[in-house]
Each structure stands twice: as C-alpha cells, then as structure tokens.
Amino acid sequence: MKPAPFRIERPRTIADAVALLASGGDGAKVMAGGQSLGPMLNLRLATPDLIVDLSGIDDLRTVREEAGHIIYGALVTHADVEDGRAPDVGTNILRRVAGGIAYRAVRNRGTMGGSLSHADPAADWVNALSVLGAEVEIAGPAGERRLPMGAFLAGALATALEPGEILVAVRVPKVPATARFGYVKHCRKVGEFAHAIGAVLIDPATGTGRALMGAIDAPPLVFADAATLFGSRIDAGFASRFDASAANAALVAAGLTDAVDRHVHVEVLRRAVTQAASLFTDTRSAA
Amino acid sequence: MSEPRSQEGVGARLPRKEDDRLMRGRGQFIADIRMAGMQDVAFVRSPLAHARIRAIHVPEDLKGRVFTAADLDGVKPIRAVSGLPGFKVSEQPVLATGKVRQVGELIAMCVADTRAEAEDMAARVELDLEELPALHDMLDARKPGATLVHEHWGDNVFLESLVNINIEAAFDAPVKVSRTISTARQCMAPIEGRGTVVHFDHRSDQLVVHTASQMPHIVRSGLSECLGLEEGQIRIISPDVGGGFGYKAILLSEDVCLGWLTRKIGRPLRWLEDRREHLTASANCREHHYEITLYAERDGTLRGIDCEASVDSGAYSAYPFSACLEAAQVASILPGPYDFPSYRCRTWSVATNKCPILPYRGVARTGVCFALEVALDALAAELGLAPEVVRLKNLVRPEQMPFDNITNKHFDSGNYPEALRQALDAIKADAVRKRQLAGEPDGRRIGLGLSIYCEQAAHGTSVYSGWGIPMVPGHEQAGARLTPDGGLELRIGAHSHGQGLETTLAQVAHEILGMPVARTRLVHGDTAMTPYSTGSWGSRVMVMAGGAVATACTELAERIRRIGAHMLQARPEDVRLEAGRVVGPSGDVTIQQVAHTWYRRPQDLPADVDPHGLEVTAGYKPVRDSGTFSYAAHAVVVAVDPDLGEVEILDYAIVEDGGTLVNPMVVDGQIIGGLAQGIGTALYEEMAFDASGQPLASTLADYLLPGAPEVPMPFIGHMETPSPYTKFGVKGIGEGGAIAPPAAIANAINDALRPLGAEMLRAPVTPRRIVEQVLAVRAGERSAA
C-alpha cells in the first residue's frame, strides 16, 4: 500500500507549526518520528490532506532541567534516552524503558512526544511516564498549557489535544534516591507491543508510591496512591503484602470482563512490584 | 562421515558464492527491475469473504485504465485439477466473475504511472456486492446444509480419501489414546513478496515475464494455458528470489492479469505484492485438524493408528499442486518413521471462503508430524513411559532397510533410533530431567520435548503420475559447457530461491571435472536459457539437478579427456582427468588448453574428432524414483511460565541424516532457517479469521513471526547414511528443518505442564492458550476441593 496524496510542510518554529495546523483543520496531522503515522499512511488508515512535519523545529529537540524535573523536548528520540544523550530522571529509569521499545530501527526515529500523542495504550512511554507522574506541555493557537498524563490521555489512541495543538515537551519529575522503579511488560516476542504492562514507583522512605496496569485497550489504570495495593501502607516490606485481589477488583471496575486477561495483568503488576523490591539492597533487613 | 576429496568438491564446507552479491545488497530482485515506460498495477480486491457481484462501477474518467473480468477477452480461469477419483474441480477466474469466494480475491486491475496513483484509482472503483454467509471453519463447511463455496458441487469437499489397512485388528489393544490436534492457518513469509514485471517483445514474439518464481517452466505452462499463447511465445525470467518456501511455486492470478494487460495496452507493467496483500489475500498454508487414536500394548508397542484429518483448502485449487495434495498426502505419510501393523486414515480437503491453501516448506509433513508426535507423547504419559521409550519401540530399525512401510513408502536407508539417541545425548536429557525434578528458582517449569520425522524428497514420476496434477517430474536435465577460455557454464531449469545452488552445483561439477568453483557459473531462472524442469520444490534440486549436473559433467569429462589425449599424442585409454588436467603417460594439458584448442584452434584437431564438442545436455533420474528419505530427531528444552504463558527455548538439538552432504554449511543454513519457521509454527504464527471470513492479521504487527531473539542457535549433528539410489548418495533436505520443531516444542511444553494437568494440542501454543488451560485446571481443582 502507498499513501493517498497529501501535502507536507516542514516548519522551523513551533509558532509556524501551530499556524499551519490551525489552517489545516481536521485534515491536518502532525508527524514527529513517523513510526506510527508512516505505516498508517501507507495502509491508508490515515488520509490527511496536510502533514506538518516537526522534524525541522530544533526547539523540540532540547532537554532542560529545572528543580525537581527534567523537561524533554517532544522530538527526543527513544534512542537519545537509551544511549544516554538525554539525561535520565533517576538511575536507569527512562533509559531502561527506552531500550525496550520496539526495535532499534524504531528507536532511532521514534520520539517521546510522538508516542504520547499517538496514545497507544500498549506503548511504553504512555505507561512509564504515567506512573512517574509526568506532565505534558502543549502549544496551540490559544497559547501554552500543561496537563498531567492522566488528563492528557483521553482514550485508546485519543488525547486531549485540541485542533491546532502540539505536544511540545514532557515534564518528568526526578526520582528520589530512596525510590525504586519496577517496570515489567508481557510480550509474545521481543519488540512486540505489550499485552500487559505493570509499573510501580515505590518510596518506602516517604511511605509513598504509584502503580499502574497498562495495555488494557484504554489509558492505563493508575494507582496514584499505591498503598491500596499493599494493605494500606508502604514500607520496606511492601512487596510481601501485594494484594492481588485489590488489583483484580480495580480491573473489574475498569470493565475488563475477561478473567484470563485480568490474571495476566495482575501477575505482571506483581512482578513489577517484586522487581522494584529486589532493587532495595537492604530489603530483607529493613523488612 | 566421508572426507571431502578436495577443498571444493562434494562435502566441502564452502562459503556461498552468491553471498558476495547478496550480502553487499547487489542482488537483483523483481523490485530492482526498471523498464522504460513501465507502469504500476494495483488491484481492486474483494472486501468480503463470500458475495455475489451485482455490479462494478468504474468512474467514467478511469475507463481504459481500469479493467474487470468483462474486459478479459480470451483469458481462461486457472484450473488445477487432480486425477484422483472424486476430485472436484474449481475454476478460479483471474478477475472475479459472478461471485467472490475469499477476501482479497481480484475484482479489477488499475494501471497508472505509480503504484500510489493506481491505488487512488482502485479506491474510486465502487463495488455493489450482495453478501453471502461465509465459511471460515472447515469442520462447519463439511456439515450438511452448509453454504456452498462452489454451488454445483453439492458440498464443500474437494476430495475425500480413505486408507484402511486392517485397522480392526488393533481394536483389542490394551491401551487406546485419542486426541484432537490441530495446526493454525499460517502465512508463508519470505522476506520478498511476490512480484511480476511483464512486457511483450515483438522481435522475439514473446511475452517476457519477470517473476519471482521457484518454477519458471511450470509458470510458463500455466500462463500459456490461461492466456492462449504458445509456450514458445512466453519467456519466464526469475531473477534473485528472496525466499520462496512454496509460495513462489504457485501461478497467481496476478501473473495472468499482467500478461494479458501488457499486450492490451502495449506497455511494460509491474505488480509488486505488498505485505497486506501477501498476508490477507494469498500466502496461506498449514491449516490441519486431526482426530487421532493410537492403539498400543502396555510396553509402548504400537498396534495401530486411526485418524480422521481435515485440511482447510480454501476457496480454490492452486496451480500446479492442487487443493488436495496436502490432505491426500496426510493419509500416505502420517505413519512417519514408525513400523506398526494396522492403520486407517480418512481425509477431507475442504473448501472454505479463505485463500487457497498453498504448499509451505514441509507441506503436509509439519502437520502430520505435529499430530503423531504429540499423540505419541500422550501415549507415553498414559503408559508412564519416557517419550523416547515409546519411539524406540516403534521406529523402523536399520537392519530393516530398505523398508517398505505400511503405506508402501520405500525407505532407502538410515538409522532412526541412532538419530534419536544422539539427540538425547546432545540435549543432555538425563541432566535436564534432574533439573526438572529440582524445580526452578524463578517458578518456571522446565520441559523436554522430542520429535522425529522422515522426509520423502525428490520423489519422481512413479509417485506423481498417480496424483494427476498439472505437472509430473520426469528425468531432470542439465547443461554443461566449457567456454573458450576454459570456464564452465551449468544450466538447470530449477531455480534457487536462496538455497545456494550456484555454489553447491559448482561443487558437484568440481567433483567430476576438477573445475574451480570460482570458474563455474550457474545459468538458471530463465526458460529461454535452461532445460525444462518442474523446478525447485519437494526438496529435490540437490538430488535431481545435482545428479543431472554430475551426469552432464561426466559426459563432458569424457569429451575433454579424448581431446586431451589427442593433444598429448596418447591413446584415450591411457589418459585420465585429474584435478582439472588431462594427464597422460608423458605429460598433461589443462582443461583451459583443451577448451582453447576446441574453440580457437580447431585446425589442431584430427578430422575424425567427436563433433559434439564441449557442450552437453544430459538427463538424470535416481536408480529408484520413489524418493530419498532424510530424517532428523529434534530435542528441545523449554522453560514455561505457567502464570503468563511465556515460553523460552533454553536448548535445541538436531541430529539429522541427509545422506551424503554436498556442502554441510549450506545444510546447516537450511536447517537453521527451517527451525526458525518451525518455531513460528509452534509458538507465534496464526492467520485468524472472524466469523464473516475476514482475516484478522493484515500487518506483521498482528501476524507474529519469530525474530532473531526468538531463535536459538541449535546444536546440529550430521549422520551421513548415503542413499543407495542417488548420485553421491545425496538425499533432499530442504524442508526438514521446518517439520519437526512444532511437535518437539509442544511436547516440551506439555512435559513442563503435565504435572499441572495442562496439555497443549493446538499450534501455535500461545501464552493465552497456556494461561487459559492452567487457570481452568486450577479452577477445577478449587471447585473439586
């Protein structure tokens, strides 16, 4: 399959990109790394009149640090993170996630902003950045705004982006040295989109944690306070108190009717918990 | 193991000549061909699995650039008949007429300067279709009252067959084990899809068809029948072919359409299959369903096998192998390498509203091996015996060779029990079983699986004449000629689609003539330049074309020797050809000097010199044409995660016997490639359909193929029991690698899960299927408790 005809523009500034998008209305589509849009164009699942190619906008490639956050330009590629060209929010947090995305050829071109804007529920950034509590920065005809991931992800392949708006950056909170990150995905083969993702960010020092079950054909199911999964408290012995029935109940409430699917999602979350716990060198003595 | 007699002859592990261009990206495939004025074709395909065509609306401005069946004057449908009694013929119109019988069936063709523009045109063609109930399940399709794919048949069965060899005698056996076993519909996935570039050459009065084909001469015959052209008016050129596996053996409607259209509009045309067309409309294979019962003594001795097998043949009979080859083959090859006294097998080749089933590497053998070997493990478990014990009880023994089995398959040579024993050693079965008892720290379960098969290869006239399909292999011919500067050209009508024939056939020539492999060129893939051949299929080329090359080179050697004798002023009986030189009592001359003399200095030759010169075409058949029997034992260790259903292959060992190996490195490559495909069958590949007959995988994101991380490097052990019937004792081995892995892997998974009460009987064994069973067993235990 080859794409239906379309016009392509390659602006140099965010303002120009926003103006072009606004001029194109519903028939305009943004392209970043093109790793999802490219195949959709070829399969004629997407038939835009206008493609606004962001690759000429250098501002979207920058990474800057603020107190407590790292702000990644939307065009930072998975490989930039994997290879360490873009700094990490902690020790081997985003880097590990990036290295597990699809295949290296995809990682070379695919971008963090593109992946979030595509909003595939099984995508790694959609899930990893949700559990890390990231926010997205959006530019549009009405100016700039920020949204937390939970508000940004509106559904499977759907976001809160309004016509003319572009995701320009991702603000990710730095991970405290006392916290541990567990991230497990269930795929049938290397590089495949996940059938289940479990992720936790646990900090026994502060007694806080977030957890998530993803790849459920909808935005991830996020536990902003993961204590509910561990008998109402998070301390060094959290992993041994993992409450599978609480996770299962949340999936039921989210509308997952298939018991086999729920079993797999809960099991994958359990493993993310176990993984995070194993990263505490003093787990046993603390417990 | 026979030592190679030279560095480059039979038995040498020679790097492949063709890899120099292929690995540098210099291969020339269909998509690399450019012609002045060439246009691209895109097809309008059926969106429905079964529908009556009420009307096809072509926009006025596209008239003359979009063509339907109504335009195809003089084009006949594709008819792949079988002479087997009761076979029902399907006529496959190259563009649909009346109704469509599968998703993706061709309805119209659109021609434009680019493929994208042709697709734009295709999108504007409107179809008025009356949807009919679609058959997506072959078992439903066999039921009375089912919708009919071909109305005039009265049912949906291409062919039913029955073999019964005294099955009643087995009914009093003390042990009886029955299972329902099935393999999914798959899609062959060569890296290169199909493709065709055609033009009409008025000077030679020939339709010149460049097409990625394993069987150029058969494509020519098929095209000639459909287009009403003399065979001499068609030239098929098959360039570098990026994998075939059987898919590129088939005459496609697309080939016929382009052959007609290029004459109609007078321009070169191209169609390149894309992956969506390939997955949803064409390259389907493998869908088998078995109800199998084994009768045995308590010590594992088989008393009999009773089986009902159905194959989903899809909507049409594919040219040239037909819709019944696979199912009817099931009946004759199900017994595998086992010796037992009673047998019954009933088979059905069932028509459904899906793509025609095509022969894929291993053809029916992969399904047969899966059914029998998985059932044998169930029997072993029932008897409380190790799986190898049951197999060793029943395998044909070396002292029985040559052996005619229960379906009259003639096993030429081999030691099957020894292959199994070596495979068990290589996989360290004892250590694996100890580890299994100890349990894994990560909670996964270890399993050991075995399977063994035999592969009838290079079977010829006596076997195929009975099928009555459009082709029957006879003598295979090859040409061998010296060039004036003393190089060697070989010509064969079969075609390499990745097997390394340019190297291995040069090795055969080297064995006879001493010609350096670097100075031997293989001319193939062009009907204008090669002798007729049914082509590359059935693991036959090394046996057949190899034998023909050896025969031609032997005759050429004799002619070289006689000219050389004259040059040495010696009697012919006093000279010999040795390492590329004619050696006489008092001196020697090189083959190059002989060639130079024949072509460039004929004045130096006597008047009564043999006028046939240094160019030979010779034919070859093995002493018996019932086929060579290569075989292998596969042993695999897996780790299964019962909660997620993930399967990791920890170790894989293959002990194979392909007779004398011409190039063991090439054989290793064939086995590893086959293993990758077998792993796909075992764990990943499934072309699913919904209830309306829609294929559910249209990209490689949905149709999972194993990648490098999923394919382990196997241990490969070679036994080399020569075939008594073939030149050098070679046997065909091209398909074997893909036959045994699904059974071995499923058996390993079942070995791991048996203590949990789960048993996987359908390929692919997916994580979902494992977890479903594990949870069902757990739920059963809870409710029982």
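## Brief notes about the side chain of H78(A)
Residues and elements named next belong to chain A.
Thinking step 1. The topology assignment puts H78 in helix α3 (residues 78-82).
Thinking step 2. On the basis of relative accessible area, H78 is assigned to the buried category, the value being 5%.
Thinking step 3. At 2.9 Å, the side chain of H78 and the side chain of W125 are in polar contact.
Thinking step 4. In contact with H78, other than residues within four places in its own chain, are A98, I101, V106, R107, G110, T111, M112, S115 and W125.

## Concerning the interface of chain B and chain A
Thinking step 1. At the interface, 26 residues of chain B touch 21 residues of chain A.
Thinking step 2. In terms of surface lost to chain A, no three residues of chain B exceed R276(B), L644(B) and R768(B), which account for 25% of the buried area on that side.
Thinking step 3. Seen at the junction of chain B and chain A, the total is 5 salt bridges.
Thinking step 4. With a shortest N-O distance of 2.7 Å, R768(B) and D258(A) are connected by a salt bridge.
Thinking step 5. Across the contact surface, chain B and chain A share 14 residue pairs in polar contact (both at pLDDT 80 or more).
Thinking step 6. Residues belonging to the side of chain B that touches chain A are distributed by class as follows: 11 nonpolar, 3 polar and 12 charged.

## As for the packing of helix α7 (residues 325-333) of chain B against helix α8 (residues 364-383) of chain B
All names here are of chain B.
Thinking step 1. Closest axis-to-axis distance for the α7/α8 pair is 9 Å, and the angle between their directions is 45°. Accordingly, the angle class assigned to the pair α7 and α8 is oblique. Seen along the crossing, α7 lies across α8 with a hand that is right-handed. Contacts between α7 and α8 pair E326, Q329, V330 and I333 from the former with A364, R365 and V368 from the latter.
Thinking step 2. When grouped by side-chain class, the residues that make up the contact of α7 with α8 number 4 nonpolar, 1 polar and 2 charged.

## A short note on the pattern of salt bridges
Between side chains of opposite charge, pairing is possible as soon as their charged atoms come close.
Thinking step 1. In this structure the tally under the stated criterion is 86 salt bridges over all chains.
Thinking step 2. Between R391(B) and D377(B) there is a salt bridge; the shortest N-O distance is 2.9 Å. In this pair, R391(B) sits in helix α9 (residues 387-394) while D377(B) sits in helix α8, placing the two residues 14 residues apart along the sequence. You'll find R391(B) and D377(B) in the same group, each marked buried.
Thinking step 3. Each of the salt bridges in this network shares a partner with another, and the network as a whole consists of R44(A), R45(B), R115(B), E119(B), D120(B), E254(B), D274(B) and E277(B).

## Looking at empty space enclosed by the protein
Residues and elements named next belong to chain B.
Thinking step 1. Tallying each qualifying case throughout the model produces 6 cavities of 30 Å³ or more.
Thinking step 2. By volume, the largest cavity amounts to about 210 Å³.
Thinking step 3. Along the wall of the largest cavity there are 19 residues; nearest its centre are Q92, Q102, S253, A281 and S282.
Thinking step 4. Those elements giving two or more residues to the lining of the largest cavity turn out to be α5 (253-265) and α6 (275-282).

Here is what the cut-offs are and how they apply
- Residues numbered from 1 in each chain as written.
- Chains lettered and ligands numbered in written order.
- Predicted model: local features only at pLDDT ≥ 70, side-chain atom pairs only at ≥ 80, totals over all residues.
- Heavy atoms only, no water.
- Helix = DSSP H or I, 4+ residues; strand = E, 2+ residues; numbered from the N terminus.
- Buried < 20%, exposed > 50% of the residue type's maximum accessible area, 1.4 Å probe, protein only.
- Polar contact = N/O pair within 3.5 Å; in protein donor to acceptor, adjacent residues only side chain to side chain.
- Contact = heavy atoms within 4.5 Å.
- Buried area = accessible area lost by both parts, 1.4 Å probe.
- Salt bridge = Lys/Arg side-chain N within 4 Å of Asp/Glu carboxyl O.
- Nonpolar A, V, L, I, M, F, W, Y, C, P; charged D, E, K, R; others polar.
- Axes fitted to C-alpha atoms, helices over the stretch in contact; angles between N-to-C directions.
- Parallel < 35°, antiparallel > 145°, perpendicular 65-115°, else oblique.
- Left-handed = near helix turned anticlockwise from the far one by under 90°.
- 1 Å grid on protein atoms, 1.4 Å probe; cavity = no way out; pocket = protein on both sides within 12 Å on 5 of 7 lines; lining within 4 Å.
- Points joined across faces, edges and corners; volume = space filled by probe spheres on them.

Any functional reading would require information beyond the geometric quantities listed.
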